[in-house]
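Understanding the architecture of this molecule
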Amino acid sequence: MSLLQQIQENVVTEGSDLGSILLKVRLLAARLNSDILEEWVKHESEGYPTGAEVPSYRVTGIAYKGTFSGPFGSGIQNAPIPPYLIKKHAGESWTAYKVRESIAAIDEMVKKIADGGAFGLDCSNLILLLQGKVYEGYACNEISGSISATAFYEIKQAVRSRVLELTMELEKSVPGALDVGFGNSNTDKSDTEQVQQISQQIIYGNVSTAVAGGPASTIAVSVCERDDDSLIDYLVNQGIASEDASQLAGIMASEEPSSKEEPFGNKAKNWIASNLEKAASGTWNVGVSVATKVFTEAALKYYGLK
């Protein structure tokens, strides 16, 4: 059984240790020469340092409650504070918490607060920022912020899901990935570039950066609103054939998207449906699931919906 197949078996086995799975993924990343995948596994295993990009699944909301005192001895105890007010008066950083702890630390948090508890935050500075701005005429005496245990559990599940999706896509799109074992590594340059693209898209879903040219080389490709050339460049860098990228860009320029949830017009949807077989057959240098994400994220940027 190859290393990739062992990872797949472990990740779908109920009760398997996520830390051990990540160690195998880190070895696979090294064998496939993917610095993006290796760095992600390292951060998940050891924690994300300040300044490192945190994947979207590690950003969670915070629930706030406050105690307020008013005139004539009146008061309000443990009153929920709307996120809108927090964001308006204190900034978005107080409503979107970036969980930087390692998977092992998150696992311990889940165990400690499993019985309906929550993870508490230091909100002493928030008292000053919200003073007099929540209830008119009432002083803010205390604020508590908490993150539900469910949020940490969902992070663990998101990591498992990405590991499984990643290995499935590698199995489908990178033939050499199945040959990787504990003692051998035979990865050519084209495989490395493909692994880089797959890792970037599945882990971060980032349409602003496409990776090409090997492990240490990144090319920033931005999709600008209503800019056909930037759309084409992005699609080509993600593995879509140049002619096909130009066709899709022309179609998208001629129609409007249905909605933010479905950012394509009817012609674009029909074109994608009829051309996805090129991903399955290997005509495009990208697998089906990644190609679908690439088109969706690119459309959101192109139409100014994201």
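Shown above is the structure to which this text applies.
Described below are features of the structure shown in this document. Keep in mind the model is a prediction, meaning the values are calculated, not measured.

Glancing now at the pattern of salt bridges. Taken as a whole, this structure holds seven salt bridges when the rule is applied. For Arg58, the salt bridge is made with Glu44, and the minimal N-O distance between the two is 2.8 Å. Within this pair, whereas Arg58 is found in the loop between helix H3 (35-46) and strand S1 (59-61), its partner Glu44 is found in helix H3, the two being separated by 14 residues in sequence. With a closest N to O distance of 2.6 Å, Glu165 and Lys293 form a salt bridge. Taken together, the positions of Glu165 in helix H7 (residues 149-173) and Lys293 in helix H13 (residues 288-302) put the pair 128 residues apart, joining distant regions of the chain.

What follows deals with the environment of Ser102. Following the sequence through the fold, Ser102 ends up in the loop between strand S4 (96-98) and helix H5 (103-112). Spatially, the C-alpha atom of Ser102 lies 7.2 Å from that of Tyr48, the residues being 54 residues apart in sequence. Residues in contact with Ser102, not counting those within four places in the same chain, are Glu44, Ser45, Glu46, Gly47 and Arg58.

In this section: the pairing of strand S2 (residues 63-69). In this sheet, strand S6 (residues 139-148) lies alongside S2 in antiparallel orientation, the contact comprising seven bridges. Residue pairing in the sheet places Phe68 in a bridge with Cys140 of S6. Sheet topology note: the S2/strand S3 (residues 75-81) ladder contains five bridges and is antiparallel. Among the inter-strand pairings, Ser69 is bridged to a residue of S3, identified as Gly75. Adjacent in sequence and paired antiparallel, S2 and S3 are bridged by five residues, among which Phe72 carries a positive phi angle near 55°.

Attention now goes to the layout of surface pockets. To find leftover empty space, one rolls a probe the size of a water molecule over the atoms. Of the pockets and cavities examined, the second largest pocket occupies roughly 250 Å³. Taken together, 15 residues form the lining of the second largest pocket, with Asp17, Leu18, Gly19, Ile103 and Asp107 sitting closest to its centre. Listed by contribution, the elements that provide at least two residues to the lining of the second largest pocket are helix H2 (18-31), H3, H5 and H7. Each residue belonging to the lining of the second largest pocket can be placed in one class, and the counts come to six nonpolar, four polar and five charged.

In this section: helix H9 (residues 228-237). Buried residues of H9: Ser230, Leu231, Ile232, Tyr234 and Leu235, and no others. In this structure Asp227 caps H9, since a side-chain oxygen of it lies 3.1 Å from the backbone nitrogen of Asp229. Remark: Gly239 follows H9 within two positions and exhibits a positive phi of approximately 110°.

In this section: helix H10 (residues 242-253). The end-to-end C-alpha distance of H10, which contains twelve residues, comes to 16 Å, matching closely the 16 Å that a straight helix rising 1.5 Å per residue would cover. By the burial criterion, the buried members of H10 are Asp244, Ala245, Leu248, Ala249, Ile251 and Met252. End-on view of H10: buried residues confined to an arc of 160°, all on one side of the axis.

Each value, and the rule that gives it
- Residues numbered from 1 in each chain as written.
- Predicted model: local features only at pLDDT ≥ 70, side-chain atom pairs only at ≥ 80, totals over all residues.
- Heavy atoms only, no water.
- Salt bridge = Lys/Arg side-chain N within 4 Å of Asp/Glu carboxyl O.
- Helix = DSSP H or I, 4+ residues; strand = E, 2+ residues; numbered from the N terminus.
- Contact = heavy atoms within 4.5 Å.
- Pairing = 2+ DSSP bridges.
- 1 Å grid on protein atoms, 1.4 Å probe; cavity = no way out; pocket = protein on both sides within 12 Å on 5 of 7 lines; lining within 4 Å.
- Points joined across faces, edges and corners; volume = space filled by probe spheres on them.
- Nonpolar A, V, L, I, M, F, W, Y, C, P; charged D, E, K, R; others polar.
- Buried < 20%, exposed > 50% of the residue type's maximum accessible area, 1.4 Å probe, protein only.
- Polar contact = N/O pair within 3.5 Å; in protein donor to acceptor, adjacent residues only side chain to side chain.
- Expected span 1.5 Å × (residues − 1).
- Arc of directions from axis to C-beta.

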